[in-house]
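Commentary on secondary and tertiary structure
What follows is the residue order along each chain.
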Amino acid sequence: MIDLIYKIGHFLLITVFATALGLLFMGIARKIIARIQKRYGPPVYQPYLDVLKLFGKDAITHGFIFDFGAVMALGGVIATLFFIPLGSWQLYSMEGTVLLVIYLLAVASLGMAMGTVGSGNPQASIGISRALTQMLGYELPFLVILFSLIFRYQTSSIWGLMQAQAGSFLNWNLFAYPMMALVAFVVLIGMMGKKPFDAMIAPSEIGSGPVVESGGKYLGMLLLQKSITIIIELALYVNLFLGGADNIFSFSFKMLIVWILATMFGSLFPRFRIEDGVKFFWKWPLGIAILQALYIII
Amino acid sequence: MNNNFVKGSWQEILDWAQNKSINMLHYCTGCGAIELPPTMTSRYDMSRFGIGPAATPRQADLLLVTGYLSTKTLRRLIYTYEQMQAPKFVVGFGSCTINGGMYWDSYNTIKQLDKYLPVEMYIAGCMPRPEAILDGLLKLKKMINNGEADGYQRYQDNLEFYHQNQEAVLGEVQRTQ
Amino acid sequence: MRNEKELLELINVHLEPQAVEIKREQNVSVELAPKNLIQALSFLKSHSYQHLSTISCVDWLEEGAFELVYHLFSYDDYINISLKTRIKREPGIFQTAKEIWPVAEFYERDIHEFFGVEFKGNDNLEEMILENWQHLPPMRKDFDTREFVNDQYEWRDYNGQKHTD
């Protein structure tokens, strides 16, 4: 009983922390992009205000499926948080969490897809079909990387992979397998939907894609979902390639570094068309990942 | 501690958040659209006040009508406005929305925007410069913060007046309600 | 490759123009009777004038006529021809040119909308730009814009004074 209460409390803490940190990261990204474009930029706490405002607005629903899709998207990412070690915070650790996390992230995407079906807006359908196509693109090189890491360290839990890099920072996969870390970085940018891989959002082209019909609370919910997704993906990268961390502060710091780099890279490139994006993923990152996998196996 | 006090303070908090975060939908029918890029980009940078563009009417708080409106575009503007989620605000932009501007004797251009939609404020000029736009939007922020920007409530209260005016120039207007 | 003079010779021989004129370099104006016009269009199209830039209309109120102007261009000669013809204002009916140029359908729709000219053979003459228009076609000379605006819209009141005063 005590154990259960402890777990629930722990879980709530992780959820709130991840949401708050994700929103802060989004604010930092807006500031960085503004500075790169020689603007002053909105304050760092702007995303918090946006969320507060959105939850205060009226919202129109498009039926049960629409509501359910938004809840499923948010629930999917919160469930994923269970299995990601954030520094020393870790609820469940077992073999296979790496693959589980990939599948649970797909649940969130499918929730978005259900929401778009509920809204019935053609631009939303275009957006979500692009998002799923892009997933097809980046998941292939990412899985090749994951399997070669699993093969190398003979464990498929994120915690185990993190522990395997303990000791000196030279043991980090970033330095042990730099090519692989580079590929994973490109995949990370694709996962987070940053430029140049933001064809599924494309505000000026398809009216922000999957969220085109969401206003008020629904948009707020999807904003929270996005902030948690950012944290999950960054945490995955930090755990797999930067050796994790033994406390939450240095872990957040590592995530921040990766996030700033990803934002800076993202703000330099124009948008890939969706088929070009997938072609790119299947050409360079996949090729390099396979070479690295062969190197590890042999 | 009565209920009204709590409700009032919560509304004040929401007004404050709303004034700090405005997503605007610029309805670019006229020449005023060209004044917006410099207002948004590095020269004048309106995002430092928390004002940014919105992609669709559902996500927008502010409808910026940038220039003349022919009766055909007025119909689309009304549909756009009705798709937005309250609280929502309308700002008329340039003299065309105020009294027809240089299109004052055109047979197909409306003369006063506030007869068809509840306008919070006008930004005068032909066209207003980015400084004027920023000044206007800052005033709008103040109005929102003080709870004076109540256009969407006026629209609900005087629905018949607005509908009559709309139908007088447009003929039939589709309504979802 | 013809020059303007050779072109006028060709027109004088094969068509029956009422008046021809070289306006300036690369620009020729030809006036024709309405009954010859469609024939002239297909003749010119077979002589390299393949591009119909637009059809325009002028309302001659005092003379009781609509003047239709067909603007043709040749990519071989680099010459614009303005083929003009005058039809009676009442009832304002003319033949369609959509068999020769399918795009003419849209130009005729436009002219029908703004001048009220009927084009026989063109059955797609519904509204294109205006919506629910129930008055005289607005580009006619006898359509009083100012009066219409006064009826349809309200002027803004500046303390009892209107900005049009």
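Residues numbered from 1 in each chain as written. Chains lettered and ligands numbered in written order. Predicted model: local features only at pLDDT ≥ 70, side-chain atom pairs only at ≥ 80, totals over all residues. Heavy atoms only, no water.

**Some thoughts on the pairing of strand β1 (residues 22–27) of chain B**
All names here are of chain B. Bridge analysis of β1 against strand β2 (residues 51–53) gives 3 bridges, and the strand direction is parallel. Across the sheet, methionine 24 pairs through a bridge with proline 53, a residue of β2. Sheet analysis places β1 next to strand β3 (residues 62–66), joined by 4 bridges and oriented parallel. Across the sheet, tyrosine 27 pairs through a bridge with valine 65, a residue of β3. (Pairing = 2+ DSSP bridges. Helix = DSSP H or I, 4+ residues; strand = E, 2+ residues; numbered from the N terminus.)

**What about the environment of arginine 175 of chain B?**
All names here are of chain B. Looking at the element boundaries, arginine 175 is found in the segment after α7 (159–170). Judged by its relative accessible area of 22%, arginine 175 is partly exposed. A C-alpha to C-alpha distance of 8.5 Å links arginine 175 and tyrosine 79, two positions 96 residues apart in sequence. Among residues more than four places away in sequence, those in contact with arginine 175 are Ile78, Glu82, Tyr155, His163, Gln166 and Glu167. (Buried < 20%, exposed > 50% of the residue type's maximum accessible area, 1.4 Å probe, protein only. Contact = heavy atoms within 4.5 Å.)

**Some remarks on the interface of chain C and chain B**
In this assembly, 22 residues from chain C lie in contact with 25 residues from chain B. The largest contributions to the chain C side of the interface with chain B come from Glu131, Tyr153 and Arg156 of chain C, which together make up 38% of the buried area. Inspection of the region where chain C meets chain B yields 5 salt bridges. The salt bridge involving glutamate 131 of chain C is made with arginine 76 of chain B; its shortest N-O contact spans 2.7 Å. Taken together, chain C and chain B are joined by 13 residue pairs in polar contact (both at pLDDT 80 or more). Ranked by residue count, the leading element in the side of chain C that touches chain B is helix α4 (residues 145–152) of chain C, at 5 residues. Split into classes, the residues belonging to the side of chain C that touches chain B amount to 13 nonpolar, 5 polar and 4 charged. (Buried area = accessible area lost by both parts, 1.4 Å probe. Salt bridge = Lys/Arg side-chain N within 4 Å of Asp/Glu carboxyl O. Polar contact = N/O pair within 3.5 Å; in protein donor to acceptor, adjacent residues only side chain to side chain. Nonpolar A, V, L, I, M, F, W, Y, C, P; charged D, E, K, R; others polar.)

**Looking at the pattern of salt bridges**
Evaluation of the coordinates by the stated rule reveals 23 salt bridges over all chains. For arginine 156 of chain C, the salt bridge goes to aspartate 114 of chain B, with nearest N and O atoms at 2.6 Å. Placement of the pair is arginine 156 of chain C in the loop between α4 and β8 (157–158) and aspartate 114 of chain B in the loop between α4 (95–99) and β5 (121–123), with the two residues belonging to separate chains. Across the pair arginine 129 of chain B and glutamate 131 of chain B runs a salt bridge whose closest N-O atoms are separated by 3.4 Å. What makes glutamate 131 of chain B partly exposed here is its relative accessible area of 41%. Residues joined in a network through salt bridges with shared partners are Lys53 and Lys57 of chain A together with Asp61 of chain B.

**Overview of the interface of chain B and chain A**
The partner chain A presents 28 residues to the 25 residues of chain B that form the contact. Viewed at the interface, chain A and chain B are joined by 4 salt bridges. A salt bridge links aspartate 45 of chain B to arginine 39 of chain A; its shortest N-O distance comes to 3.3 Å. The tally of links between chain B and chain A comes to 17 residue pairs in polar contact (both at pLDDT 80 or more). Per-element accounting of the side of chain B that touches chain A gives the leading share, 7 residues, to helix α1 (residues 3–20) of chain B. In terms of residue class, the side of chain B that touches chain A is made up of 10 nonpolar, 10 polar and 5 charged.

**Some words on the UniProt feature "domain: NADH:ubiquinone oxidoreductase 30kDa subunit" (unreviewed entry) in chain C**
In this structure's numbering, the residues bearing the UniProt feature "domain: NADH:ubiquinone oxidoreductase 30kDa subunit" (unreviewed entry) are residues 31–148 of chain C. Helix makes up 25% of residues 31–148 of chain C and strand 31%, and the two end C-alpha atoms of the span are 35 Å apart. (UniProt positions renumbered as here; feature names shortened; annotations may be inferred.)

**Overview of the environment of proline 85 of chain A**
Residues and elements named next belong to chain A. If you trace the backbone, proline 85 turns up in the loop between α3 (64–81) and α4 (97–119). Remark: the alpha-carbon pair of proline 85 and alanine 106, spanning 21 residues in sequence, is separated by 19 Å. With near-sequence residues (within four places) excluded, proline 85 lies in contact with Gln90, Ile158, Trp159, Asn239 and Phe251.

**Comments concerning helix α5 (residues 130–145) of chain B**
Residues and elements named next belong to chain B. The end-to-end C-alpha distance of α5 is 22 Å, a good match for the 22 Å that 16 residues give at a rise of 1.5 Å each. Among the residues making up α5, those that are buried are Pro130, Ile133, Leu134, Gly136, Leu137, Leu140, Lys141, Met143 and Ile144. In the stretch just after α5, glycine 147 is the one whose phi turns positive, near 75 degrees. (Expected span 1.5 Å × (residues − 1).)

**Observations regarding empty space enclosed by the protein**
All names here are of chain A. One pass over the full model with this rule turns up 3 cavities of 30 Å³ or more. Of the volumes computed, that of the largest cavity is approximately 90 Å³. What lines the largest cavity is Phe66, Gly69, Ala70, Gly111, Met112, Gly115, Thr116, Ser119, Pro210, Ser214, Tyr218 and Leu222. Elements supplying a minimum of two residues to the lining of the largest cavity: α3, α4 and α10 (217–241). The leading source of residues in the lining of the largest cavity is α4, at 5 residues. In terms of residue class, the lining of the largest cavity is made up of 6 nonpolar, 6 polar and no charged. (1 Å grid on protein atoms, 1.4 Å probe; cavity = no way out; pocket = protein on both sides within 12 Å on 5 of 7 lines; lining within 4 Å. Points joined across faces, edges and corners; volume = space filled by probe spheres on them.)

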